[in-house]
Amino acid sequence: MNCSKIDGINAIRRVVFILAIACVLVRPAWAADADSTIDTIIAGVEARYNVTGFTADFDQESILKAMAVTDTASGRLMVRQPGKMRWEYLVPDPQTIITDGNDLWVFRPEENQVLVGKAPSFFGEGKGAGFLSNIKMVRKSFQIFLEPVDEPHLHRLRLVPNRSSVDLMAVNLDIDKTSFDLVRITTFNVYGDETRIELKNVSFSNPPPASLFRFDVPEGADVVQMNP
């Protein structure tokens, strides 16, 4: 092979190398636009939920793919920053889940039973919609992507946890474009199961008192320690 041909090949290699570097360093315009939109949405949600606390009604649907079973429930949610949540299930069976950000209680009045555990094991890293009690953890704990959604009045963000677990592989947030209210939260686990929570009648006007996020075990109740 003569020198001119070798020089030509080397020149092509240099061009290919430069183009490859450019593809890494220069992001497409649509990707930059998506990032800008995500930042705007997240900033809107953070501003909306940068409050002492809020209350909401909820409907929940849990889909167990392997068993082809769908369970439904509804109740009342109370949140107080940071880390405090109270889920009062009213239908189909009464049950209350309470956390002060450290301890966790699950009270089943019909069985007079209280399950006791630690909140980070069940709500840490966004599990169980734990980010509702500290909305700023969304930026810290997830990679965030903009997803298409059929409902024109909503944004949809796809959250992929930085540290995935069996219980949490991804979360979809459906967000009202005007108010930045969280309308729907859908979580997915490693088995493809889904839990969909619809929030309604959200109110920021009367934050729930801190006393609602502690629980005194009733006398005579059966106490069961939960493992992480």
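> So what exactly am I meant to see when it comes to the overall build of the protein here?
Counting its regular elements, the protein contains four helices and 12 strands. Scored against the burial criterion, the 228 residues of the protein give a buried share of 39%. Counting only contacts in the protein whose residues sit at least 6 apart along the sequence, the fraction spanning at least 24 positions is 46%. Surface summary for the protein: the accessible area is close to 13000 Å², and the carbon and sulfur share equals 55%.

> Hey, could you run me through the environment of His153 in this one?
Note that His153 resides in the loop between β7 (142-147) and β8 (154-161). You can call His153 partly exposed: its relative accessible area is 43%. When the C-alpha atoms of His153 and Ile175 are compared, they prove to be 8.5 Å apart, with 22 residues separating the residues in sequence. Non-local contacts of His153, meaning those with residues more than four positions away in its chain, are made with Ile175, Asp176 and Lys177.

> For this particular structure, what's the right way to read the pairing of strand β10 (residues 182-188)?
Working note: regular strand, side chains alternate between the two faces of the sheet. The buried count for β10 comes to six of seven residues, which makes it a mostly enclosed element. With antiparallel pairing between neighbouring strands as the criterion, strand β9 (residues 170-176) and β10 make up a hairpin whose turn holds five residues, including Phe180 at a positive phi of roughly 65 degrees. Between β10 and strand β11 (residues 194-203), which pair antiparallel in sequence order, lie five residues; one of them, Gly192, sits at a positive phi of approximately 85 degrees.

> Sorry, what's going on with the pattern of salt bridges here?
For side chains bearing opposite charge, pairing can occur when the charged atoms are close. For the structure shown, the criterion picks out 16 salt bridges. One salt bridge connects Lys200 with Asp59, and the closest N-O pair in it is separated by 2.7 Å. Residue Lys200 is found in strand β11, and its partner Asp59 is found in strand β1 (residues 53-64); the two are separated by 141 residues along the sequence. You can call Asp59 partly exposed: its relative accessible area is 30%. With its nearest N and O atoms 2.4 Å apart, the salt bridge here joins Asp100 to Arg214. Of the two residues, Asp100 is situated in the loop between β4 (95-99) and β5 (103-108) and Arg214 in the loop between β11 and β12 (222-225); the sequence distance between them amounts to 114 residues. For Asp100, a relative accessible area of 17% gives the class buried.

> I keep staring at a nonpolar patch on the surface and nothing clicks. Help me out?
Together, Val166, Met169, Val190 and Tyr191 line one region of the surface with nonpolar side chains, adding up to about 390 Å² of accessible area. Its place among the elements puts Tyr191 in the loop between β10 and β11.

> Teacher, can you tell me more about the sheet that holds β8 here?
In a beta sheet, neighbouring strands pair by backbone hydrogen bonds and run either parallel or antiparallel. Overall, mixed pairing links the 12 strands, which are arranged β7-β8-β9-β10-β11-β1-β2-β3-β4-β5-β6-β12 in an open sheet. Each having just a single partner strand, β7 and β12 make up the two edges of the open sheet. Averaged over neighbouring strand pairs, the angle between their axes works out to 20 degrees when direction is ignored.

> For this particular structure, what's the right way to read the environment of Ala210?
Residue placement: Ala210 occurs in the loop between β11 and β12. Using a relative accessible area of 39% as the deciding quantity, one classes Ala210 as partly exposed. Sequence separation between Ala210 and Asp100 is 110 residues, and the spatial gap between their C-alpha atoms is 8.4 Å.

> Looking at this structure, how should I read the pairing of β7?
Pairing between β7 and β8: six bridges, direction antiparallel. Of the residues in β8, the one forming a bridge with Glu147 is Arg156. Counted between consecutive antiparallel strands, the loop separating β7 from β8 contains six residues.

Definitions and cut-offs
Residues numbered from 1 in each chain as written. Predicted model: local features only at pLDDT ≥ 70, side-chain atom pairs only at ≥ 80, totals over all residues. Heavy atoms only, no water. Helix = DSSP H or I, 4+ residues; strand = E, 2+ residues; numbered from the N terminus. Buried < 20%, exposed > 50% of the residue type's maximum accessible area, 1.4 Å probe, protein only. Contact = heavy atoms within 4.5 Å. Areas by Shrake-Rupley, 256 points an atom, 1.4 Å probe, with all protein chains shown as cover. Pairing = 2+ DSSP bridges. Salt bridge = Lys/Arg side-chain N within 4 Å of Asp/Glu carboxyl O. Patch = residues over 30% accessible without salt bridge, like charges linked within 9 Å, V, L, I, M, F, W, Y side chains within 5 Å. Axes fitted to C-alpha atoms, helices over the stretch in contact; angles between N-to-C directions.

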